[in-house]
Amino acid sequence: AFEFKIDVFKQLAPLFLEEAEMMVAAERKKMEEVNKEEMRKLEMEFYKQIVIQLEHQKHSLFTEYQTQLKRIESSYDHKLSNASDNIKKAFDAKLKAVEVANKKENDSRRKMLENLKTRAAGLDMMIDHAIEAQKRGQQVWELSLRLFDAQEAIDTNRPFASEWEALLDASKGDEIIKTAIVSVPPNVVATGVSTRDELTDRFFSKVERAAREAALVDKSRSGGPGKGSAPFLGYAIAKVTSWLLLPQRTFVPGTQPEQVISRAGFYVCNGDLGEAAKELSELQGEPASIVTDWIKSTKDRLLLEQTLGVIKTRMAHLDVTTVSKS
């Protein structure tokens, strides 16, 4: 019977264990559900406490902020009031100082105006002189430009009618300059003048030898110099002799054509074209006709140089007058 009971127990034991496990599992599940509900309740309570504390802290901080803000506003109002008072005091002091300074400045300016009134007449005269000096200075400047253009045209042996007319316009009615300009013949202005170098080269290369040759031919005339006709042999001898004889360009006395031509050559060598033209003007007969054109070109050149010299001298006088008046 005991063994039977043991066998029955062995057979039923697994069933009891399985049922017990099922009961335990059910109990555990029930406990877990209870615990979850409790945890949810605890969490909700915890969240409520946190919200309450946050609201309390928020209110506390806001109250403290309001208190601090009022204290700061009160402090700034006090400081602003003090600053306004200080600024007003400083402004009043500055205003008073400015009024004093303005009074002194007005007194000083009043005295200055009185002094200026006494000098007004003199200043008016000085202004008139300055205006006149400015006009003269402008005239001298314009004359210088026009004279430079004319000088350039003259130095290149070309017509200078337009430049000469512009120079006359720039003289603005100055009688000295106007008289000097109109003294130059229109044909000279229209054709131009030879340069000094051109006149010198022309004298040495053509005029001098041709004049000597003409003088020798003149001597061979049957009736004497300037009379009758020269034989062919006389022309030939004169031609050969003028080529063989070296030109004498020295200052030798005498009235013979060779002596006159020699003195003219001397003056040309020394750059004195005026004296050379004066010497050649003493020639007669065939030599005189040879040198006539060169003499005219030289006189035109010298006349133009004298005219330019007069204009430059007058310009210098105007410039000095302008400087002294300014």
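All of these numbers come straight from a predicted model, not from anything done at the bench.

A few words on the overall build of the chain. From N to C terminus, the chain includes nine helices and zero strands. Per-residue burial for the chain yields a buried fraction of 24% across its 326 residues. Contacts in the chain between residues at least 24 apart in sequence constitute 67% of all its contacts with a sequence separation of at least 6. In the form shown here, the chain has an accessible surface area of approximately 23400 Å², with 61% of it arising from carbon and sulfur atoms.

Let us now look at helix α8 (residues 273-280). Among the residues making up α8, those that are buried are L273, A276, A277, E279 and L280. For α8, the buried positions fall inside an angular range of 160° around the axis, keeping them on one side.

For T200, the location among the structural elements is in helix α5 (residues 196-219). Sequence-distant contacts of T200, that is, excluding residues within four places in its chain, are made with V268 and L273.

Take unusual backbone geometry next. Of note, N157 is a non-glycine position whose phi angle comes to about 55°, a positive value. Its place among the elements puts N157 in the loop between α1 (2-155) and α2 (161-170).

Evaluation of the coordinates by the stated rule reveals 15 salt bridges. A salt bridge links D107 to R110, with the nearest nitrogen and oxygen atoms 2.9 Å apart. Here R110 and D107 lie together in helix α1, a separation of three residues that amounts to about one turn. The class for D107 is partly exposed, based on a relative accessible area of 30%.

Take a nonpolar patch on the surface next. A contiguous nonpolar surface patch, about 340 Å² in accessible area, is contributed by M44, F46 and Y47. Tracing the backbone shows Y47 in helix α1.

Let's shift gears to the confidence of the model for the chain. On average, residues of the chain score 80 in pLDDT, and 80% of them reach the 70 mark or higher. Taken element by element, the chain is modelled with least confidence in helix α6 (residues 232-244), mean pLDDT 46, and with most confidence in α8, mean pLDDT 96. Taken as a whole, residues 220-240 scores under 50 in pLDDT and shows 23 contacts with residues more than four places along the chain or in a different chain.

Attention shifts here to the packing of aromatic side chains. Considering all chains together, one arrives at six aromatic pairs under this definition. On the numbers, 5.3 Å between centres and 75° between planes, the contact of F160 with W164 is edge-to-face. Centre to centre, the rings of F203 and W294 are 5.2 Å apart; their planes meet at 50°, and the pair counts as tilted. With F203 in helix α5 and W294 in helix α9 (residues 285-325), this pair connects stretches of sequence that are 91 residues apart. Here the aromatic cluster, defined as three or more aromatic residues joined through ring pairs, consists of F203, F204 and W294.

For the rest of this paragraph, the subject is the nonpolar core. By size, the foremost hydrophobic cluster in this structure holds 22 residues, and its most contacted members are L143, I154, F160, W164, L167, L304 and I311. Elements with a minimum of two residues in this core: α1, α2, α3 (175-182), α4 (186-191) and α9. No other element matches the six residues that α1 contributes to this core. With near-sequence residues (within four places) excluded, I311 lies in contact with L147, W164, L167, I177, A180 and I181.

With respect to the secondary-structure elements, N187 resides in helix α4. On the basis of relative accessible area, N187 is assigned to the partly exposed category, the value being 41%. With 28 residues separating them along the chain, N187 and P159 place their C-alpha atoms 9.5 Å apart.

The subject of this paragraph is the side chain of E279. Structurally, the position occupied by E279 is in helix α8. Judged by relative accessible area, which is 13%, E279 ranks as buried. A polar contact is formed between the side chain of E279 and the side chain of R263, at a distance of 3.1 Å. Sequence-distant contacts of E279, that is, excluding residues within four places in its chain, are made with V260, R263, A264 and Y267.

Here we come to the packing of helix α7 (residues 257-269) against α8. Taken N-terminus to C-terminus, the directions of α7 and α8 make an angle of 170°; their axes are 7 Å apart at the nearest point. Taken as axis vectors, α7 and α8 run roughly antiparallel relative to one another. Side by side, α7 and α8 meet where V260, R263, A264, Y267 and V268 of the first sit next to L273, E275, A276, E279 and L280 of the second. Counted by class, the contact of α7 with α8 contains seven nonpolar, no polar and three charged residues.

Another point: α2. For α2, the complete set of buried residues consists of E163, W164, L167 and A170. The buried residues of α2 all sit within an arc of 120° when viewed along its axis, so they share a single face. Exposed side of α2, more than 90 degrees from the buried face: S162 and D169 are the residues found there. In the segment just after α2, K172 is the residue with positive phi, at about 50°.

Parameters and conventions
- Sequence order as written defines residue numbering, which begins from 1 separately in each chain.
- With the structure being a predicted model, the display of local features is reserved for residues of pLDDT at least 70 and the display and counting of side-chain atom pairs for 80 or more, all residues being used for whole-chain, interface and lining totals.
- To get the side-chain values, all heavy atoms of the structure are used, and hydrogens and water are removed first.
- Helical segments are the DSSP runs of H or I of at least four residues, strand segments are the runs of E of at least two, and each set is numbered from the N terminus.
- Accessibility here uses a 1.4 Å probe with only protein chains present; expressed as a share of the type maximum, an area under 20% marks a residue as buried, one over 50% as exposed, and anything in between as partly exposed.
- Note on contacts: a residue pair qualifies if any of its non-hydrogen atoms lie within 4.5 Å across the two residues.
- All accessibility values rest on the Shrake-Rupley procedure with a 1.4 Å probe; residue burial counts only the protein chains present in the view.
- Directions are taken from the helix axis to each C-beta atom, and the arc is the one they span.
- Salt bridges are identified by distance alone: a Lys or Arg side-chain nitrogen within 4 Å of an Asp or Glu carboxyl oxygen.
- Grouping into patches uses exposed residues only, defined as over 30% relative accessible area, and leaves out salt-bridged ones; the cut-off is 9 Å for like charges and 5 Å for nonpolar side chains (Val, Leu, Ile, Met, Phe, Trp, Tyr).
- On a scale of 0 to 100, pLDDT captures the predictor's confidence in every residue.
- Pairs were defined over the aromatic rings of Phe, Tyr and Trp, the Trp ring being its six-membered one, requiring ring centres within 6.5 Å. Orientation was assigned from the angle between planes: stacked under 30 degrees, edge-to-face over 60, tilted for the rest.
- Nine residue types can take part in a nonpolar core, namely buried Ala, Val, Leu, Ile, Met, Phe, Trp, Tyr and Cys, and a core is a set of them joined through side-chain atoms within 4.5 Å.
- Any pair of nitrogen or oxygen atoms within 3.5 Å is treated as a polar contact; in protein, a donor-acceptor pairing is required on top of that, and neighbouring residues in sequence qualify only through side-chain atoms on both sides.
- Between the N-to-C directions of two axes lies an angle of 0 to 180 degrees, each axis being a line fitted to C-alpha atoms and, for a helix, fitted only over the stretch in contact.
- Angles below 35 degrees are treated as roughly parallel, those above 145 as roughly antiparallel, those between 65 and 115 as roughly perpendicular, and all remaining angles as oblique.
- Each residue gets one label: Ala, Val, Leu, Ile, Met, Phe, Trp, Tyr, Cys and Pro are nonpolar, Asp, Glu, Lys and Arg are charged, and the others, such as Gly, are polar.

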